[in-house]
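# Architecture at a glance
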Amino acid sequence: MNSPTGIAKSLNSQRLIQDALDLVNVNSPTGKEGEVGELYVSKLRSIGMKVVLQEVEGGRYNVLATLRGEDSDAATLMFNGHMDTSFAADEDPEILQAISPVYKPGPPWGRIEGDWLYGMGAFNMKSALAAYAAAVRTIQDNNEEKPRGDIVIAAVVGEIEKTQVDKYVGPQYRGYGHGTAYLVSHGGTADVAILGEPTGLRLMCAHSGSCWFKIGLRGTLVHTGHSAATKNVIQQMNRIISAIEDWIPDYQSRYMFKGARPTVNIGSIEGGWPWRASRTPGFCNLYLDVRFPPKYHALDVRNEVQQMLNRVTRKEGITAELETYVTDEWSEVSEEEYVSQSIKRAHQTLFSSPVENVYFSWSSDANILTRHGIRAVNYGPSGGPNKETRGTMYLPNLISCAKVYTMSAMDICSKSRAEVRADN
């Protein structure tokens, strides 16, 4: 009988790399995941998985694939990952270059140079999708031992941190867990889950939540020639921005978690009309992203921002409207959970060194999964120290990650549900 380590050693690394390149070569920004989903379905069916397509909305399908185990009482493991990318591969070249120097205009979008895969989605997170398939393929090719429990691969639409607001509506803006929220309420479930987000072969058992706020001011529309006595809401918003900058350090010090300060970002500002500069602006809106750690609530964060705005009102006489348009929860499971320990053991076996535990301010669908009873952690192939550049995948890390997935899948699915879900 082969051990999980022995099975992992048989992994077909060239097939893995080709799968990752194939996926990267399909343009799949949020809202346009259909083509890459079809490609992934064909790959999963070719390795013997039963595939169900969940139509989240027109042209957008979650891919839910299952490799059935032999024992209904054994644990079920889900590999969860998103098919959408933060930007389109055919985005304005100036925008792409501002994100990463590795992007090139025109297909093929992906390329391999030496030990590196380059292209939109290689980093986040098509390489991980390929690694999931490689783990299942490796297990399937092993003729001596099959998993007792089910292995599920869920490739979802609309995970990227973007959302509808104001005039920005449509499928291309429906992200932030849109696909996984549908998944877990329509049959996609498991005991535990592993997400291959870009952790650089580091284990992330917790990540922050986030709130997005719209801070709005309404002004009086007056011709420039008569505007001397009119309060300009764009200039007033500068006072609010200054107040935010003064508030951030205090907020960060009070909400620190695992030595990390929660990030705050002024993501956008809109005001007036550039084609009507002869009028004072009738509005100015500022859009703020505030991260917050376990165990706080979104209302705690909203209250923080509202109190800051109240101080501006008292000091400056400026009253702004506050609207919350994203409430993305944090995620946290214990490092003693079975899924965490399984990854630790597999990593230790492969690298002969312990896995590093990390905590980041970015979000993942682990938050949705854990709140639906699926204990989820992040451990992914891309990123890591000195390898954080967008659009890149260091192939030796990809191969190693797929081997860790193989070992963890064999381990977790060899246990009973009670063993894997035991409270720690």
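See the structure printed just above.
Procedures and definitions
Residues numbered from 1 in each chain as written. Predicted model: local features only at pLDDT ≥ 70, side-chain atom pairs only at ≥ 80, totals over all residues. Heavy atoms only, no water. Helix = DSSP H or I, 4+ residues; strand = E, 2+ residues; numbered from the N terminus. Contact = heavy atoms within 4.5 Å. Areas by Shrake-Rupley, 256 points an atom, 1.4 Å probe, with all protein chains shown as cover. Lys, Arg positive; Asp, Glu negative; His and termini not counted. Charge placed at Lys NZ, Arg CZ, Asp CG, Glu CD. Salt bridge = Lys/Arg side-chain N within 4 Å of Asp/Glu carboxyl O. Buried < 20%, exposed > 50% of the residue type's maximum accessible area, 1.4 Å probe, protein only. Axes fitted to C-alpha atoms, helices over the stretch in contact; angles between N-to-C directions. Parallel < 35°, antiparallel > 145°, perpendicular 65-115°, else oblique. Left-handed = near helix turned anticlockwise from the far one by under 90°. Phe/Tyr/Trp six-rings, centres within 6.5 Å; stacked < 30°, edge-to-face > 60°. Core = buried A, V, L, I, M, F, W, Y, C linked by side-chain atoms within 4.5 Å. Nonpolar A, V, L, I, M, F, W, Y, C, P; charged D, E, K, R; others polar. Pairing = 2+ DSSP bridges.

## Re the overall build of the protein
Across its full length, the protein holds 12 helices and 16 strands. The C-alpha extent of the protein, read off along each of the three principal axes, is 85 × 50 × 40 Å. Pairs at least 24 apart in sequence give 80% of the contacts found in the protein among residues at least 6 apart. Taken as a whole, the protein presents about 17,900 Å² of accessible surface, with 48% of it coming from carbon and sulfur. For the protein, the separation between the mean place of its 43 positive charges and that of its 48 negative charges on side chains is 3 Å.

## Quick look at the pattern of salt bridges
If you walk through the whole model with that rule in mind, you get 22 salt bridges. Put simply, Arg239 and Glu316 hold a salt bridge, and the shortest N to O gap is 2.7 Å. Of this pair, Arg239 sits in helix H7 (residues 233–254) while Glu316 sits in helix H8 (residues 298–316), and the two are 77 residues apart along the sequence. Among the residues examined, Glu316 registers a relative accessible area of 32% and is labelled partly exposed. The network of salt bridges with shared partners includes Asp19, Asp22, Lys43 and Arg137.

## A few points about the packing of helix H2 (residues 13–24) against helix H3 (residues 34–46)
The geometry of H2 relative to H3 is characterised by a closest axis approach of 10 Å and an angle of 160° between their N-to-C directions. Our classification of the angle between H2 and H3 gives roughly antiparallel. Crossing hand, H2 versus H3: right-handed. Residues Arg15, Asp19, Asp22 and Leu23 of H2 touch H3, and the partners they reach there are Val36, Leu39, Tyr40, Lys43 and Ser46.

## Overview of the packing of aromatic side chains
If you walk through the whole model with that rule in mind, you get 16 aromatic pairs. Arranged with centres 5.5 Å apart and planes meeting at 70°, the rings of Trp273 and Phe283 form a pair that is edge-to-face. Of this pair, Trp273 sits in the loop between strand E10 (264–271) and strand E11 (283–292) while Phe283 is found in strand E11, placing the two residues 10 residues apart along the sequence. Classification of Trp273 by relative accessible area gives partly exposed; the value is 27%. Centroid distance Tyr287 to Tyr325: 6.0 Å. Interplanar angle 90°. Geometry classified as edge-to-face.

## Topic: the nonpolar core
Core analysis: the largest hydrophobic core is formed by 69 residues, its most contacted members being Leu16, Tyr40, Leu44, Phe79, Tyr132, Ile153 and Tyr405. The biggest single contributor to this core is helix H5 (residues 122–141), with 12 residues. With residues near it in sequence (within four places) discarded, Leu44 still touches Met49, Val51, Val63, Ala65, Ala133 and Ile153. Judged by nonpolar contacts, the second largest core, of 30 residues, contains Ile248, Ala298, Val305 and Val312.

## Digging into the side chain of Asn80
Tracing the sequence through the fold places Asn80 in strand E3 (residues 77–82). Using a relative accessible area of 1% as the deciding quantity, one classes Asn80 as buried. Sequence-distant contacts of Asn80, defined by excluding residues within four places in its chain, comprise Met125, Tyr132, Ala154, Val156, Thr180, Leu183, Ile194, Leu195, Gly196, Asp365 and Leu369.

## A closer look at the packing of H2 against helix H11 (residues 395–412)
At their nearest, the axes of H2 and H11 sit 10 Å apart, and the two run at 110° to each other. Taken together, the axis directions place H2 and H11 in an arrangement best described as roughly perpendicular. When the axes of H2 and H11 are compared, the crossing they make is right-handed. Two secondary-structure elements touch here, H2 through Ser13, Leu16, Ile17 and Ala20 and H11 through Leu395, Leu398, Ile399 and Ala402. Grouping the amino acids of the contact of H2 with H11 by side-chain chemistry returns 7 nonpolar, 1 polar and no charged.

## A look at the sheet that holds strand E5 (residues 116–118)
Where strands meet in a sheet, backbone hydrogen bonds hold them as pairs that are either parallel or antiparallel. Spatial ordering of the open sheet is given by E4-E5-E16, a layout of 3 strands whose pairing is antiparallel. Looking along the sheet, the strands with just one partner apiece sit at the ends: strand E4 (111–113) and strand E16 (392–394). Looking at each pair of strands side by side, their axes are set apart by 25° on average, direction ignored. Two strands pair when backbone bridges link them, and E4 and E5 are joined in this way by 3 bridges, in the antiparallel orientation. What sits directly across from Arg111, in E5, is Tyr118.

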